[in-house]
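Letter by letter, the chains look like this.
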Amino acid sequence: MSNESATERRARTKKEIKQLIAERNAVLSKYYNLARQTDDPEIDLSTTCDQLEEFCQELVDYMAIGHFEIYSRLEDGSERRREILSLAEKIMPRINDTTQLAVAFNDIYDDVSNINEEALSQLPTHLSKLGEELATRIDLEDQFIHTLLVDGSKPKLTTVSV
């Protein structure tokens, strides 16, 4: 364990959370644009493939920051706060499920040079399922973030001289 102070750890945590939220927002924006594109009956394959490629990259980046920055403290044993460990025990299996679905989506669609008509025809269905999983993940992440921030910023009780 490092000699990093509590203030430094909190600052690092806040920075990681800001980065996670920025990545999340980028994914949601790309998701929306891609979903809107696939609703068009006159789908332009080249535009869809460009958007799909960008979306997959953002999706992978978003998943990675969650696991390698935010959740890594659980895996490496550096997190000691009971409230966070208790919540993580409840939500991490479901967050991991959302990661697996995102990875499966990426495996199908990340190489747009080899995308076939069948995969493209299934894109709206796959996007819908992924959207549901992203919504679940965001809700769980928000619970985890809230616990990280609230628990880390509890004021210390002191006596007041009168």
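Let me sum up the structure you'll find in this document. (Residues numbered from 1 in each chain as written. Predicted model: local features only at pLDDT ≥ 70, side-chain atom pairs only at ≥ 80, totals over all residues. Heavy atoms only, no water.)

**As for the nonpolar core**
As a rule of thumb, nonpolar side chains are buried together in soluble globular proteins. Ranked by size, the top nonpolar core spans 39 residues in total, and within it Leu52, Phe55, Leu59, Phe105, Tyr109, Leu134 and Phe144 carry the most contacts. Elements supplying a minimum of two residues to this core: α1 (6-38), α2 (45-70), α4 (82-109) and α5 (117-152). Sort the elements by how many residues they give to this core and α5 lands first, with eleven residues. Excluding residues that lie within four positions of it along the chain, leucine 134 makes contacts with Val27, Tyr31, Leu59, Tyr62 and Met63. (Core = buried A, V, L, I, M, F, W, Y, C linked by side-chain atoms within 4.5 Å. Buried < 20%, exposed > 50% of the residue type's maximum accessible area, 1.4 Å probe, protein only. Helix = DSSP H or I, 4+ residues; strand = E, 2+ residues; numbered from the N terminus. Contact = heavy atoms within 4.5 Å.)

**Here we look at the packing of aromatic side chains**
Under the criterion given, the structure shown has four aromatic pairs. Centre to centre, the rings of tyrosine 31 and phenylalanine 55 are 6.0 Å apart; their planes meet at 55°, and the pair counts as tilted. Remark: phenylalanine 55 occurs in helix α2 and tyrosine 31 occurs in helix α1; sequence separation between them is 24 residues. Just as tyrosine 31 is buried, phenylalanine 55 falls in that class too. Here the aromatic rings of phenylalanine 55 and phenylalanine 105 are separated by 5.8 Å at their centres, their planes lie at 90°, and the arrangement is edge-to-face. One end of the pair, phenylalanine 55, is in helix α2; the other, phenylalanine 105, is in helix α4, and 50 residues separate them in sequence. Just as phenylalanine 55 is buried, phenylalanine 105 falls in that class too. An aromatic cluster of three or more residues is present, and its members are Tyr31, Phe55, Phe105 and Tyr109. One Lys or Arg, arginine 137, reaches over the ring of tyrosine 62 and ends 5.5 Å from the middle of that ring. (Phe/Tyr/Trp six-rings, centres within 6.5 Å; stacked < 30°, edge-to-face > 60°. Lys NZ or Arg CZ within 6 Å of the ring centre and 35° of its normal.)

**Re a positive patch on the surface**
Taken together, the side chains of Arg9, Arg10, Lys14 and Lys18 define a basic patch exposed on the protein surface. If you trace the backbone, lysine 18 turns up in helix α1. (Patch = residues over 30% accessible without salt bridge, like charges linked within 9 Å, V, L, I, M, F, W, Y side chains within 5 Å. Areas by Shrake-Rupley, 256 points an atom, 1.4 Å probe, with all protein chains shown as cover. Salt bridge = Lys/Arg side-chain N within 4 Å of Asp/Glu carboxyl O. Lys, Arg positive; Asp, Glu negative; His and termini not counted. Charge placed at Lys NZ, Arg CZ, Asp CG, Glu CD.)

**A short note on the pattern of salt bridges**
Applying the stated rule across the entire model yields nine salt bridges. Measuring nitrogen to oxygen at the nearest pair gives 3.0 Å for the salt bridge that ties glutamate 141 to arginine 24. Separated by 117 residues along the polypeptide, glutamate 141 in helix α5 and arginine 24 in helix α1 bring together distant segments of the chain. For the pair shown, glutamate 141 and arginine 24 are each scored as buried. Salt-bridge contacts for glutamate 133 lead to arginine 94; the nearest nitrogen and oxygen are separated by 2.8 Å. Taken together, the residues glutamate 133 in helix α5 and arginine 94 in helix α4 connect sequence positions 39 residues apart. Classification of glutamate 133 as buried rests on a relative accessible area of 9%. Residue class for arginine 94 comes out partly exposed when judged on its relative accessible area of 28%. One salt-bridge network, in which partners are shared between bridges, spans Arg24, Arg137, Glu141 and Asp142.

The analysis is restricted to geometry; functional conclusions fall outside its scope.
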